[in-house]
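# Architecture and fold: a report
These are the residues of each chain, in order.
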Amino acid sequence: MIEKIDCQTMSDLKDRLLPPRPDASISLRGDSFSRPSSSGRQPLLGLDVSGLKKRGQGLKSWIRVDAFADTQVIEVDKFSMMRRCDLPARDLRLLDPLFVYPSTILGRERAIVVNLEQIRCIITADEVLLLNSLDDYVLGYVVELQQRLKASSVGDTSPDYLPFEFRALEVALEAACTFLDAQASELEIEAYPLLDELTSKISTVNLERVRRLKSRLVALTRRVQKVRDEIEQLMDDDGDMAEMYLTEKKKRMEGSLSLPNDGVSFSAPVSPVSSPPSSRRLEKSLSFARSRHDSAKSSESENENIEELEMLLEAYFVVIDSTLNKLTSLKEYIDDTEDFINIQLDNVRNQLIQFELLLTTATFVVAIFGVVAGIFGMNFEIDLFEEPGVFKWVLTITGVCGVLVFLAFLWFYKRRRLMPL
C-alpha cells in the first residue's frame, strides 16, 4: 500500500506545481482603450488577449516525471502531445477531466494510457505525463513515484528489476486499488450499524438512509468491477501485455538503428539503372528474411518476459478482487436485511388481517342483539310481551347464541388455518 505522505512534502509539491500568480494590475497600451475595432465596437477593458490565444491553441498544463525522479510542469497542446507520445486523439480524450470515462489501461506503440479513478496519465519509456492537478491523490502519486524511483536508482540492482513504465504503472494500480478499498471500508463502517438499527426500528428516515447507502454501493461496485475487468482483460491478452514493454521496444529500435552493415547496406536505396534485376530481387529477399527473423526473435523474447507484467497485474487483481468480494458481501447483507424487513412487514400485515377478521366476527355477533331488539321493538302485540321477566331470558338466550356463533367461527378459522389459535 502507498505510504502516507507528510504534509510538508505535499505542500512543497503544491507550491512547485501551482502556476505563477498574475499581477493585480493589468497594463494595456493606451490606444487600446480609445481605438475602436474594425466593427466599430469598443474593445473590452481588462481582457487578457494572450490568455485567450493560449486557450485557443488548446494548451494544457502537464506534470512531467522522468526516470530520474525529476518533476517539472510543462504546457503542451493536444497535437504536440499526440506527436510526442504517438497517440490518437481518442486516447487523449480519455484523460480529459471534463468527461467521465470508465477505468481503462491501453497499451500503445510508444506509450501506456492509464485512466484509473483520479490517476489519469500517459506513461512512456522515459517519462510520466499527468494532467496538472492539485488533487491529493494526484500529488500523492507523484510523490510516491519519485520516492520509488529514487530508492530504485540507489539500491536496486537485481535481475528482476522492473523497467520504468512498469514501476509507474504499479504506482497507479496501487493508488487506484488503495483508493477503492478505502472507500469500500468507509462504506462498510457506515453500513453495518445503520442496517442493524433498521432491523430494530423500521422508520422512514432509516429506510431513506439505507436507500442512499445502496445507491453508493451500486456505484462503487460498478467502478471496482470495471477496474477488475480491465486488469483481467489485460492478463488474458498476451498481445496487449507485450505492447506495454516500452523500454524493451525502445532498446530494440535503437539497436536496429545502430547495427553494423557488414559491407552490405540494406537501407540504402538501390538505383534501378545501375543494379541488375537479379541483385535487386536478392536484396529484397534478404531484407524480408531479416525482418521476419527479427520479428520472430522479438515475439519469442516477449513471450518469455511477459510473465513479469502478468505477475504484477495478478498481484493487484487479487487486491481489487478482494475489494469486490467485500462489496459483494455488503450487498448480500443489505439484501438479507431487506428480506428480513419484508418478513417482519408481512408478519405485521398478517396480524392486522387476523385482528380485522376477529373484529368483523365480533361485529357480526353484536349485530344479533340489534336484530332481536329490532324484532321486539316492532309495533305488533304478542302475548309474550305481557309476561314479567321475559326480557331477561331473551337477553340471556341471545347472549348464549352469540357466544356459540363466535366459537363456531373460531373453530372454522382454526380448521382452515386462517389464524394460529
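Scroll up to find the structure.
Before going into details, it helps to say that this report is about the structure given with it. (Residues numbered from 1 in each chain as written. Predicted model: local features only at pLDDT ≥ 70, side-chain atom pairs only at ≥ 80, totals over all residues. Heavy atoms only, no water.)

### Regarding the packing of aromatic side chains
Enumeration over the complete set of coordinates arrives at seven aromatic pairs. Each ring, one from Phe99 and one from Tyr101, has its centre 6.2 Å from the other, and the planes form 50°; the classification is tilted. Look at Tyr101 and you get partly exposed, because its relative accessible area is 27%. A centroid spacing of 4.8 Å and a plane angle of 85° characterise the contact between Phe166 and Tyr245, whose relative ring orientation is edge-to-face. Highlighted residues: Phe166 in helix H7 (residues 164–200) and Tyr245 in the loop between helix H9 (238–243) and helix H10 (246–257), separated in sequence by 79 residues. Assigned by exposure class, Phe166 and Tyr245 land together as buried. Among the aromatic residues, those joined into a cluster by ring pairs are Phe364, Phe409, Phe412 and Tyr413. (Phe/Tyr/Trp six-rings, centres within 6.5 Å; stacked < 30°, edge-to-face > 60°. Buried < 20%, exposed > 50% of the residue type's maximum accessible area, 1.4 Å probe, protein only. Helix = DSSP H or I, 4+ residues; strand = E, 2+ residues; numbered from the N terminus.)

### Here's the deal with the pairing of strand E3 (residues 104–107)
Pairing analysis gives four bridges linking E3 to strand E4 (residues 112–116), with the strands arranged antiparallel. Note that in E4 the partner of Gly107 across the bridge is Ile112. Between E3 and E4, which pair antiparallel and follow one another directly, the connecting turn spans four residues. (Pairing = 2+ DSSP bridges.)

### Considerations on the sheet that holds strand E5 (residues 119–123)
Spatially, the six strands line up as an open sheet ordered E2-E1-E6-E5-E4-E3, and their pairing is antiparallel. Of all strands in the sheet, those bounded by a partner on one side alone are strand E2 (71–76) and E3. When strand polarity is set aside, the average angle formed by the axes of neighbouring strands in this sheet is 20°. Where E5 lies against strand E6 (residues 127–131), three bridges are found, and the strand directions are antiparallel. Bridging from a neighbouring strand, Ile122 pairs with Leu129 of E6. Helix-sheet contacts for H7 involve strand E1 (60–66), E3, E4, E5 and E6, and the interaxial angle to E4 is about 10°. (Axes fitted to C-alpha atoms, helices over the stretch in contact; angles between N-to-C directions. Contact = heavy atoms within 4.5 Å.)

### Some thoughts on a positive patch on the surface
On the surface, Lys60, Lys78, Arg90 and Arg93 cluster together to form a positively charged patch. With respect to the helices and strands, the residue Lys60 is situated in strand E1. In this structure Lys60 comes out as partly exposed when scored by relative accessible area, which is 36%. (Patch = residues over 30% accessible without salt bridge, like charges linked within 9 Å, V, L, I, M, F, W, Y side chains within 5 Å. Areas by Shrake-Rupley, 256 points an atom, 1.4 Å probe, with all protein chains shown as cover. Salt bridge = Lys/Arg side-chain N within 4 Å of Asp/Glu carboxyl O. Lys, Arg positive; Asp, Glu negative; His and termini not counted. Charge placed at Lys NZ, Arg CZ, Asp CG, Glu CD.)

Geometry only, nothing functional implied.
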